[in-house]
Amino acid sequence: MMGKLGFVKILVIAAEAGRVTRKYPYEPPLVSSDFRGKIEIDETKCIGCGSCVLACPPNALVMSDEGEGYRVLKYFVGRCIFCWRCIDVCPVDAIKGTREFELATDNVEDLDEAVIHKRASCTECNGLYSTVKQKAYVMEKAPITENYVDKCPECRRNKLLRAFEKRRGGESLE
Ligand code: SF4
Ligand code: SF4
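Draft legend 1. Local environment of the pattern of salt bridges. Under the criterion given, the structure shown has 13 salt bridges. In this structure, Glu 40 and Lys 96 form a salt bridge, with 3.6 Å as the shortest nitrogen-oxygen distance. Taken together, the positions of Glu 40 in strand β1 (residues 39-41) and Lys 96 in strand β4 (residues 95-97) put the pair 56 residues apart, joining distant regions of the chain. With a relative accessible area of 31%, Glu 40 lands in the partly exposed category. Residue Lys 141 is joined to Glu 140 by a salt bridge in which the shortest nitrogen-to-oxygen separation is 3.9 Å. By relative accessible area, which is 53% here, Lys 141 ends up exposed.

This is how it looks when you write it as structure tokens:
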């Protein structure tokens, strides 16, 4: 059992420390610098590659093809566990983490964000594939000829097979 002296000691320590709690929400909360909150996607940087979708554990990020030639990246913050894996995998640094955590709302639509991309069309079969921005990114970065990147995966594969056939027959590659 605590004696009178022990009690006085605790009072002295508490008096020296001062108030250690905050009157949140009447004053701003203390949020540490490494706190992980909701993410923000910069739609001017996003190329619609889908890497973040594959990396997201709770499917807070999803991608779907919609309408006539659009690919939409959706972020549903209600599912987000703030792990920030998406930030690590984005090839163009389009995602940044914030320290925002006060996300309660009475309108579920407030929890949805979307980035809309135009899809690229294949120069061979006119089919839609990838996105215009991803195609431009690949053309700039990847060691793949313009001949190939302009085509959908199926036409690219067929073109490659035709090239192999030609090479086998002694003709030069396209
Ligand atoms: S922070 Fe984690 S859970 Fe949230 S969108 Fe990114 S990968 Fe998904
Ligand atoms: S990984 Fe980055 S560029 Fe790719 S879809 Fe996600 S936000 Fe966009």
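Okay, back to it.
Draft legend 2. Summary view of the pairing of strand β3 (residues 70-76). Note that strand β2 (residues 61-66) and β3 share six bridges and pair antiparallel. Residue pairing for β3: Met 63 is matched across the bridge by Leu 73. With antiparallel pairing between neighbouring strands as the criterion, β2 and β3 make up a hairpin whose turn holds three residues, including Gly 67 at a positive phi of roughly 60°. Sheet analysis places β3 next to strand β5 (residues 112-118), joined by seven bridges and oriented antiparallel.

Draft legend 3. Seen up close, the site of ligand 2. As a structural note, the neighbourhood of ligand 2 is formed by Cys 46, Ile 47, Gly 48, Cys 49, Gly 50, Ser 51, Cys 52, Leu 73, Cys 90, Pro 91, Val 92 and Ile 95. For the shell around ligand 2, the class distribution of residues is nine nonpolar, three polar and no charged.

Draft legend 4. Representation of the nonpolar core within the structure. By size, the foremost hydrophobic cluster in this structure holds 20 residues, and its most contacted members are Ile 39, Ile 41, Cys 52, Leu 61, Leu 73, Tyr 75 and Ile 95. When residues of this core are traced back to their parent elements, those giving at least two are β1, α2 (51-55) and β3. Apart from residues lying up to four places away in sequence, Leu 73 is in contact with Ile 41, Cys 46, Cys 52, Val 53, Leu 61, Val 62, Met 63, Glu 113, Ala 114 and Val 115. By size, the runner-up hydrophobic cluster in this structure holds five residues, among which are Ala 120, Tyr 129, Cys 152 and Cys 155.

Draft legend 5. Representation of the side chain of Arg 71 within the structure. One can find Arg 71 in strand β3. At 2.6 Å, the side chain of Arg 71 forms a polar contact with the side chain of Asp 65. Excluding residues that lie within four positions of it along the chain, Arg 71 makes contacts with Gly 48, Met 63, Ser 64, Asp 65, Val 115, Ile 116, His 117, Arg 119, Ser 130 and Thr 131.

Draft legend 6. Representation of the packing of aromatic side chains in the model. Per the counting criterion, the structure on display carries one aromatic pair. Here the aromatic rings of Phe 35 and Phe 101 are separated by 5.7 Å at their centres, their planes lie at 70°, and the arrangement is edge-to-face. In this pair, Phe 35 is assigned in the loop between α1 (4-17) and β1 and Phe 101 in the loop between β4 and β5, connecting sequence segments 66 residues apart. Among the residues examined, Phe 35 registers a relative accessible area of 31% and is labelled partly exposed. Over the ring of Tyr 70 we find Lys 118; its NZ or CZ atom is 5.6 Å from the centre of that ring. Across from the ring centre of Tyr 148, 5.7 Å away, lies the NZ or CZ of Lys 159, which sits over that ring.

Draft legend 7. Region of interest: the environment of Ala 136. Among the structural elements, Ala 136 can be located in helix α4 (residues 132-141). In this structure Ala 136 comes out as partly exposed when scored by relative accessible area, which is 44%. In the structure, Ala 136 is positioned 16 residues away from Ala 120 in sequence and 9.6 Å away in space, judged by C-alpha atoms.

Draft legend 8. Representation of the side chain of Thr 131 in the model. Tracing the sequence through the fold places Thr 131 in the loop between β7 (128-129) and α4. Take Thr 131: its relative accessible area is 0%, and that puts it in the buried class. A distance of 2.6 Å separates a polar atom in the side chain of Thr 131 from the backbone oxygen of Ile 47. Sequence-distant contacts of Thr 131, defined by excluding residues within four places in its chain, comprise Ile 47, Gly 48, Arg 71, His 117, Lys 118, Arg 119 and Ala 120.

Thresholds applied
- Residues numbered from 1 in each chain as written.
- Chains lettered and ligands numbered in written order.
- Predicted model: local features only at pLDDT ≥ 70, side-chain atom pairs only at ≥ 80, totals over all residues.
- Heavy atoms only, no water.
- Salt bridge = Lys/Arg side-chain N within 4 Å of Asp/Glu carboxyl O.
- Helix = DSSP H or I, 4+ residues; strand = E, 2+ residues; numbered from the N terminus.
- Buried < 20%, exposed > 50% of the residue type's maximum accessible area, 1.4 Å probe, protein only.
- Pairing = 2+ DSSP bridges.
- Near = heavy atom within 4 Å.
- Nonpolar A, V, L, I, M, F, W, Y, C, P; charged D, E, K, R; others polar.
- Core = buried A, V, L, I, M, F, W, Y, C linked by side-chain atoms within 4.5 Å.
- Contact = heavy atoms within 4.5 Å.
- Polar contact = N/O pair within 3.5 Å; in protein donor to acceptor, adjacent residues only side chain to side chain.
- Phe/Tyr/Trp six-rings, centres within 6.5 Å; stacked < 30°, edge-to-face > 60°.
- Lys NZ or Arg CZ within 6 Å of the ring centre and 35° of its normal.

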